[in-house]
Every structure is written in structure tokens, then in C-alpha cells.
There are 2 protein chains.
Amino acid sequence: MHAAARPTMADVALAAGVGTGTVSRVLNGGLNVRESTRRRVLEVIERLGYRPSHLAAALSRGTPRTVAILVPHLTRPSTVARLAGALGVLDEQGYDTIVCNADTPEQRDHHLSALTARHRADGVIIVSVRLAKDRIAAFRRGSIPIVSVDAVAPGVPQTVIDDVAGGRLATAHLLSLGHRRIGFVGDLVGRGTDQDLGFISSRSRLQGYRRELAVAGIDFDPGLVRVGPHDAAVAAGLAGQLMRLPDPPTAIFAASDTQAMGVLSAAEQSGFPVPGGLSVVGFDDIESTALLNLSTVHQPLEQSGAEGARRLCALLLGARIRPLRQLLPLRLVQRGSSARPSLARPGGSRSHLLPAGAGRRALDRGRSSPRAWRRAADVLFCVPSFPAPGACRAEGVV
Amino acid sequence: MHAAARPTMADVALAAGVGTGTVSRVLNGGLNVRESTRRRVLEVIERLGYRPSHLAAALSRGTPRTVAILVPHLTRPSTVARLAGALGVLDEQGYDTIVCNADTPEQRDHHLSALTARHRADGVIIVSVRLAKDRIAAFRRGSIPIVSVDAVAPGVPQTVIDDVAGGRLATAHLLSLGHRRIGFVGDLVGRGTDQDLGFISSRSRLQGYRRELAVAGIDFDPGLVRVGPHDAAVAAGLAGQLMRLPDPPTAIFAASDTQAMGVLSAAEQSGFPVPGGLSVVGFDDIESTALLNLSTVHQPLEQSGAEGARRLCALLLGARIRPLRQLLPLRLVQRGSSARPSLARPGGSRSHLLPAGAGRRALDRGRSSPRAWRRAADVLFCVPSFPAPGACRAEGVV
DNA sequence: ATCCAGGTTGGAATCGCTTCCAACAGGGTG
DNA sequence: CACCCTGTTGGAAGCGATTCCAACCTGGAT
């Protein structure tokens, strides 16, 4: 009577004096099973501590109902938000979710290889990772459905934002406040997908910054741009460099909130009061920004994960996803870290300050040409509240 | 030549003119297969885009190599750190990890039921969730190996910290600086495991706070204790209440860094400079605390997840885990948010300030009786650097 | 030429479940 | 009483791999 191994369905059937088919029926819905039989089987199951093997069931049924999600730098707040959004949807849809974290290109490659080499998941969500062409091809060859979130990928359903427009949004905001010397602190961007994890959002945001400066008729000053590894402390150091400049910027646009936090910390340390001595604008609107009273460009992080998951589910159901590129809306959230440049600054010259009207004009100009928002030909799900470029929503201080 | 369905091993064998056994051999190691055959099979695999079914392989082999991890409130920084630690180890050991996020008791129960009802994972890591007795029994009946991280559970291998000692550590630090009126901001603790997710660390830390006050001979003042839902904004509100007291505290101990951030924000808003007007100590030492210059009680978050995973792996290999309770070390990290109380405070009386020596004495007293650190009879893995209670490590401002 | 060791190979049995089909028990109905 | 319909049941045939065993080559030793 001593069975070391896990009891199987056959054991249960035997012990209950029924066939395996009946046990299966009891387990799944219990349709067309006499109540007395049902109880007897359940009683035996309970007594034996029988647990059906998910594996065997899935194999037999042919539907694993498992998806994998590949995320880089799991611990970053923006990544977690996306992951949480995806998990919420996948849970609801009854999928098990395998999470693959990649902090290095090696880990990323390892996971990608594993994912394409064997059929372990019905589908895969790729977050913030730029896929090389041959990687995409590998998924296609294995006919593994994939969707991408926060990264473009040719031919793959993708849920993204317009980083260039975001950069313009932040810059336009600062310009509208009257700033003319605006610094940029961002990521060091690797040579490609092999060098680092291939994040390019920082570069795109810088591009938007430059474009918006150009629109406002301000010359681009490379000396005001600092980049380094994505890390708050590093960003603090870079911001410190900017503030030590003979003619320091009156505002800094950071490519992410994490980096903006570093900038805030550096400002405090360098004696630049925020926003009096320095305005700061971040990007992402992660949870802690509200507390820090940081002005930032809001992007729907959690929603991006959820949308990616939804699209993958649709894909798994055989739907055709059109259009491929789903663009999520951005909006500027103005909090306490950005204001009009003060006239009294530690040692700074004042020559670059604009009258308030000038910046406002620049903003208006931006608003009147929403090209940046339409660049992606195939915009789907235009969320009702899709804001006009340059639109600002003030948020009360928490 | 048009096969809609995924090709199977049989298809490959047929196309390559070999048996399924040979294909399998090529796939796994390729021992004892002639090189020419190997190439032929690989070529067919490539041509057909064949990907072996993980499911079938796992079933056949009998080893799914999948574990599940249940985490509450995935987006909290402390949770993510634990998850990342666990994922690192599990990846390395070749396990797939299914992540179950629970933001509500319903989700928790749903996941727990699913986990015990079917055999979908070889083992389960439970993070920060207090398991009811019958839940533990369910796992035991199904003979599903589990380990617990950051939560005690009778009879289950657990990786925890001594929250009471942590509370003492923080309080002793503030006492040693000369504070006598010390506020506490923590979580609202639900009635049990059904009410909320059953976090009780805040309560234990409060207990440590009270105990250390008692040791220092200071009467406990319930008016200095505020609790609410775990949220920075809420904590800010609670801290605001404390600061508006006729005789406000000179220091606040927050039960978590998230809450401490709220306290910092409230202090700034209420015009209490930190640390001049208010000292603040948090708990956890999450990543952003260094940047905020927040003094805090450091607990090895990532390591806790890693240790839990390691122990689960050992369990899966049939090892017997002894002792059950693994206690991780705590240490106080002093940064810029805590200092001796200043004599000039906004409207506060000074009667409660101690000469510096008194607090120091309290600390020394704490150090001389390290009972709190030994309470758990079965301390394993006494990490070499296990610090004496009250030990402080100063950390440079980033 | 015979024999044998050892490297290759094919294919059946197996893993634990789902599912389908045939069989059977009742109970109306004509 | 024959007949059919519905509700219930047992059991065989997959699902797609792994694994084991027997069979089949080699070539070198006898």
C-alpha cells in the first residue's frame, strides 16, 4: 500500500473502481457523471492526494497555455510596471507566464536561443529588447507567435511610444517656460544589439530634443549633452558636470525618471534649488516621481505590457494583428520640478533667458504641426484621450 | 508538402530516413551518432523548422524543471529585488520560472489553489505571504516542495530576517543620536491572512521599536505611532499628522523605505529640514535610498530570493533542509537623513532632548545583550559578516 | 573465414492525461 | 414488447518526446 511515486489517474481509477475516462470527466467540468460516482472519485482523489499532471494534460490536449516574457533589467521600475501589466492580462486569460530576465546581452541571447530552440511556450512577449533580424527569423521559422513591447521589430506586432515626440514634448515644455539653455542627460547607447541590450529610446528622445530646439531656433550645443550608463548615480555625476559649466543650463531633460532622480540629487548637492535654480524634466512617470514632485513625460507603462499581452492572446487565437504598430499616447505631467527660469542664479549669466512669450510661441508652433505624432503610418487604438503635442496636464503636488 | 501543423520528431525521422531514436540522440548530446547521420538530421530539422516539444520531453523524461514563485505586489521595489534574486539562481540551475503575482487576497488564493490543485511546477517559492495552515497542508498532501521567503511558516524551509531586531536597530540608532521623541509610521496590519495579504513585518518592527524604547527607559507614546495602507503618499500624510503635533517627534522611523520616502516628502513640505528638523530612518535599503540619502536598515533582499531558490533546488534534489529557519543579517546604513536632533526646531519644545551620551548608552546596552538576534533557535548560515546588533556602517553620500 | 567488441541504428514501450467511440442501463413511447 | 433516446461508463488510441533493447554494421584479432 506504500506508493512512493505520485499517484496517477490510473491509480485513482483503480481505487475508485472506475475507468480513467470517468476520472478525467470528474476533473474537468464533471459533465455527464452521476453524482454518486463523482463523489466517490473525488473522495479517492482526496484520500490519495492525487494531483493531475499539468504536463500530461497539456500534452494530451495540445494546448500548453504557457507564454514566456523576456524582460531586460527586471528591477527597473519601468520594466516591472510593464511586466505587471502583462501578467495581469495573462493571468486573467489563464496563461502561465515564464519570466526570463536578462541583465546582460549574454543572458538575452541565452534566453532567446532557448525560446526558439524548443517549444516551451505558446508565444513570447519581448520587452524593450531590439531583436536582430535573424532572431525574428528564428521565431518565424519555428512559427512561434511573438509580440514586442517598447521596441520596434519589422513584421512583429509591436506596442510602442514615439520617443522622438516624447523628447519634443519635454523640450517644448521647458521652452514654453522660457528656458533657452537646456541640458540633456541620457544613456550611453551601444553600437548595436550585440554590444549592449540595444536600448535606443534615449537616443530617440535626444533626437526629439534637438528637433524641438531647432524648431525654436536655438542652436544645438553638444556641450550640454551628457550620456553614460543608465544609472541614477551616474546621471547625478553627469548633471554635476553640466552645473559646473561656466554657463550652466537652466534646465535639464533626463532621458528617464531614474536618471532625473540622479539629476535632482546632484542639483541639491550643487546648491541649485529646483526649480528655482534648475528645472528638471524626466521621462516615464514611474511611481516615485509623483512623490519627488518631478515633472515628466508620462508613458503608459503598465498598459503597454497589458496591450502586448492582449495582442499576443489574440495572435494565439489565430487573429491577424493589424496594424502591426500600436502607438501609445504620451503626455507631459507638470509637477514642481519645472518652472520659469529664475533671474537670480548662482553665477549664471542671464543672456540666454527668454521672455515668457518666446517659449510659449515655440510651444504653439509645435502644437500646430503634429507631424511627429503621425509619423508611424499605421496608428492603431488611438486612445480617446490622445493629447495634442505639447499638451500639458498640471498635476497637484502630492 | 504543405504541413500546417508543427512538425514532430516522427516527421523529422521520416524525412531524414532514420528512426526517432536517432533524432532524439542528435538532439540531446548526439552521443553515438555517426557524424554524417548527425548532419543529415540537423539539416532536415533546419529545413522543416522543427522544434522539439518541451512538454512532451518533460513528460517523457519525468522532470519538468519548472518552478513557480508567488509574489505579492510585484511592483514594489523590495519584491522585485527578491524576485530577481530567485530568478538569477533558477535560471542558472536551468529551471523555468512561472511568476504568480498577487495584489489581492483573492489573487493569492486563486494562485495557491491552482498551484496545489494541479502539478504544474516541481516546487514553489512563496514570497512574503503568510500561509494558512491548511494551505501548507495542501502542499504537503500533494507533496509539492515549497520554501518561504520573508514569511515564517511552520515546517517549511524559510529565509527570513528578524524584524523585531530590525526595529530595535533603527530605534537604537536614533536613540544613540540623542533622539527621545521618535515617531513610527507603518502599515495597517489586517486581521489575518484572509483580510489582507497578511504582511506582519511592520508590526514586528513596531514591536522592536517599542522594545528598544523600553530598554532606553522611554515611555511608549501611542500618539507617535501612525499606520495606514502601505503607500508613500499615505505615509506622507501620516508623517504630516505627526509633525503637526504640538510636541512633534524629532525623528521618525518608517517601517519601509517606500514609506520613509513619503515621510521625507512630508517633512520637506512641512518645513522640517532633514535631518536638521527631523531625522528619518527607513527599512529595506531599496535601490533608491542611496540616492535619497536615506538612513535605513539594510536587509539582503536579492539575497533572500536567491537563498530561497537555492534551498528549493536543494529540496528538489532530495536534500533535507536543516535548520528550517535561515536568518539573514541586518545592518544599519547611516546616510544623511539621520543626525543628532538640532536645538532649534520649528516650535518644538526641547525638554525631550537627551545629552548625546544618553542615547549612546542606550545603544551600548543594546549591544551588550544580543538576545534579539538569537531568538530563533535554529540559525543557519550565519553569514560571516553577521554584525553585532547596533553595528552601524556609515556610507558616503552618493 | 570466423568471431567479437563496440559503435550505430530502428522501433517498441512508456510517461499521464484527454478524447472519442462503443456499450450499456433505464425509461418513455408506439 | 420492441425501439429509440439520453445519460453514464470503460477502455483504447493518441499527444510527442525519451529510453531501452535488440539488431546490425564495422574492422581488427584469431
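Residues numbered from 1 in each chain as written. Chains lettered and ligands numbered in written order. Predicted model: local features only at pLDDT ≥ 70, side-chain atom pairs only at ≥ 80, totals over all residues.

**Q** It is not clear to me how the overall build of chain A should be interpreted in this structure. Could you clarify?
**A** For chain A, the count of helices and strands is 15 helices and 13 strands. Taking all 398 residues of chain A together, the buried fraction comes to 51%. At a minimum sequence separation of 6, the contacts of chain A that also span at least 24 residues come to 73%. (Helix = DSSP H or I, 4+ residues; strand = E, 2+ residues; numbered from the N terminus. Buried ≥ 20, exposed ≤ 12 C-beta atoms within 10 Å, placed from the backbone. Contact = placed C-beta atoms within 7 Å.)

**Q** Teacher, can you tell me more about the protein's contact with DNA strand C here?
**A** Taken together, 26 residues are adjacent to DNA strand C, and Met 9 and Ser 60 of chain A together with Val 18, Gly 19 and Gly 21 of chain B come closest. Of all elements in the fold, only helix H2 (20-27) and helix H4 (54-61) of chain A together with helix H2 (20-27) and helix H4 (54-61) of chain B reach the threshold of two or more residues within the surface near DNA strand C. Classifying every residue of the surface near DNA strand C by side-chain character gives nine nonpolar, 15 polar and two charged. (Near = placed C-beta within 6 Å. Nonpolar A, V, L, I, M, F, W, Y, C, P; charged D, E, K, R; others polar.)

**Q** Please clarify how the relation of the copies chain B and chain A should be interpreted in this entry.
**A** Once chain B is rotated about the relating axis by 180° and shifted along it by 0.0 Å, it coincides with chain A to within an RMSD of 0.1 Å. Such a combination of turn and shift is consistent with a two-fold rotation axis. Among all C-alpha atoms of chain B, that of Ile 98 of chain B lies closest to the rotation axis, at 2.2 Å. Residue by residue, 97% of the interface of chain B is reproduced at the interface of chain A, so both copies engage with the same surface. (Least-squares fit on C-alpha atoms with pLDDT ≥ 70 in both.)

**Q** I'm lost on the nonpolar core in this one. Help?
**A** Nonpolar side chains in soluble globular proteins tend to end up buried together. By size, the foremost hydrophobic cluster in this structure holds 180 residues, and its most contacted members are Val 263 of chain A together with Val 263 of chain B. Considering every element that reaches this core, the biggest residue donor is helix H8 (residues 163-177) of chain B, with eight residues. When neighbours within four sequence positions are excluded, Val 263 of chain B is seen to be in contact with Val 185, Ala 235, Ala 236, Ala 239, Ile 252, Ala 254 and Val 280 of chain B. (Core = buried A, V, L, I, M, F, W, Y, C linked by C-beta atoms within 7 Å.)

**Q** What's the story with the interface of chain B and chain A in this structure? I'm lost.
**A** For interface size, the figure often reported is the accessible area lost on association. In this assembly, 39 residues from chain B lie in contact with 38 residues from chain A. Looking at side-chain class alone, the side of chain B that touches chain A contains 21 nonpolar, 12 polar and six charged residues.

**Q** Sorry if this is basic, but what is going on with the environment of Phe 139 of chain B here?
**A** Residue and element names in this part refer to chain B. Mapped onto the elements of the fold, Phe 139 is located in helix H7 (residues 133-141). Residue Phe 139 is classed as buried on the basis of its 21 C-beta neighbours within 10 Å. Separated by 16 residues in sequence, Phe 139 and Gly 123 have C-alpha atoms that sit 9.6 Å apart. Residues contacting Phe 139, with those up to four places away along its chain left out, are Thr 116, Ile 144 and Ile 146.

**Q** It is not clear to me how the packing of helix H5 (residues 77-92) of chain A against helix H13 (residues 301-316) of chain A should be interpreted in this structure. Could you clarify?
**A** The description of two packed helices rests on the angle between their axes and on the distance between the axes. Residue and element names in this part refer to chain A. Where H5 contacts H13, the axes come no closer than 6 Å and their chain directions differ by 40°. Of the possible angle classes, the one that applies to H5 and H13 is oblique. Two packed elements cross with a definite hand, and for H5 against H13 that hand is right-handed. Taken together, the residues of H13 that come into contact with H5 (itself represented by Ser 78, Ala 81, Arg 82, Leu 83, Ala 84, Gly 85, Ala 86, Gly 88, Val 89 and Leu 90) are Leu 301, Glu 302, Gln 303, Ser 304, Gly 305, Ala 306, Gly 308, Ala 309 and Arg 310. Residues belonging to the contact of H5 with H13 are distributed by class as follows: nine nonpolar, seven polar and three charged. (Axes fitted to C-alpha atoms, helices over the stretch in contact; angles between N-to-C directions. Parallel < 35°, antiparallel > 145°, perpendicular 65-115°, else oblique. Left-handed = near helix turned anticlockwise from the far one by under 90°.)

**Q** Would you mind showing me how to read helix H9 (residues 201-215) of chain B here?
**A** Helical geometry note: an α-helix holds 3.6 residues per turn, so side chains three or four residues apart project in the same direction. Residue and element names in this part refer to chain B. The end-to-end C-alpha distance of H9 is 21 Å, a good match for the 21 Å that 15 residues give at a rise of 1.5 Å each. Three or more residues of H9 are buried, namely Ser 201, Ser 202, Ser 204, Arg 205, Leu 206, Gly 208, Tyr 209, Glu 212 and Leu 213. Note on H9: the residue one or two positions beyond its end, Gly 217, has a positive phi of about 75°. (Expected span 1.5 Å × (residues − 1).)

**Q** Looking at this structure, how should I read the protein's contact with DNA strand D?
**A** With respect to spatial proximity, 27 residues lie near DNA strand D, and among them Val 18, Gly 19 and Gly 21 of chain A together with Ser 24 and Ser 60 of chain B are the closest. Residue assignment for the surface near DNA strand D shows that the elements contributing at least two residues are H2 and H4 of chain A together with H2 and H4 of chain B. At five residues, the largest contribution of residues to the surface near DNA strand D is made by H4 of chain B. When its residues are assigned to classes, the surface near DNA strand D shows nine nonpolar, 16 polar and two charged.

**Q** So what exactly am I meant to see when it comes to the confidence of the model for chain A here?
**A** Interpretation of this model should avoid reading the predicted coordinates in detail wherever pLDDT is low. The predicted model of chain A has a mean per-residue pLDDT of 85, with 83% of residues at 70 or higher. Overall, residues 347-398 of chain A carries pLDDT values under 50, and its contacts beyond four positions in sequence, including any with other chains, amount to 88 contacts. (pLDDT = per-residue confidence, 0-100.)

**Q** Teacher, can you tell me more about H8 of chain B here?
**A** Residue and element names in this part refer to chain B. For H8, with 15 residues, the first-to-last C-alpha span of 21 Å sits near the 21 Å given by 1.5 Å per residue. Of all 15 residues in H8, 15 are buried, a share of seventy percent or more. Two residues or fewer after H8 comes Gly 178, characterised by a positive phi angle close to 110°.

**Q** What is the right way to read the environment of Asp 150 of chain B from this model?
**A** Residue and element names in this part refer to chain B. One can find Asp 150 in the loop between strand E4 (146-149) and strand E5 (158-160). Judged by the 27 C-beta atoms lying within 10 Å of it, Asp 150 is buried. When the C-alpha positions of Asp 150 and Val 129 are compared, they lie 7.7 Å apart, and in sequence the two are 21 residues distant. Setting aside chain neighbours within four positions, we find Asp 150 in contact with Arg 82, Val 127, Ser 128, Val 160 and Ser 304.

**Q** Explanation requested: the pairing of strand E9 (residues 279-284) of chain B in the structure shown.
**A** The side chains of a regular strand alternate, first on one face of the sheet and then on the other. Residues and elements named next belong to chain B. Here E9 lies mainly inside the structure; six of its six residues are buried. Between strand E8 (residues 251-254) and its parallel partner E9, the chain crosses via helix H11 (residues 257-270), and the hand of that crossover is right-handed. Across four bridges, the pairing between E9 and strand E10 (residues 295-298) is parallel. If you follow Gly 282 over to E10, its bridge partner there is Thr 296. Handedness of the E9-helix H12 (residues 287-292)-E10 crossover: right-handed. (Right-handed = clockwise from strand over helix to strand, strands pointing away. Pairing = 2+ DSSP bridges.)

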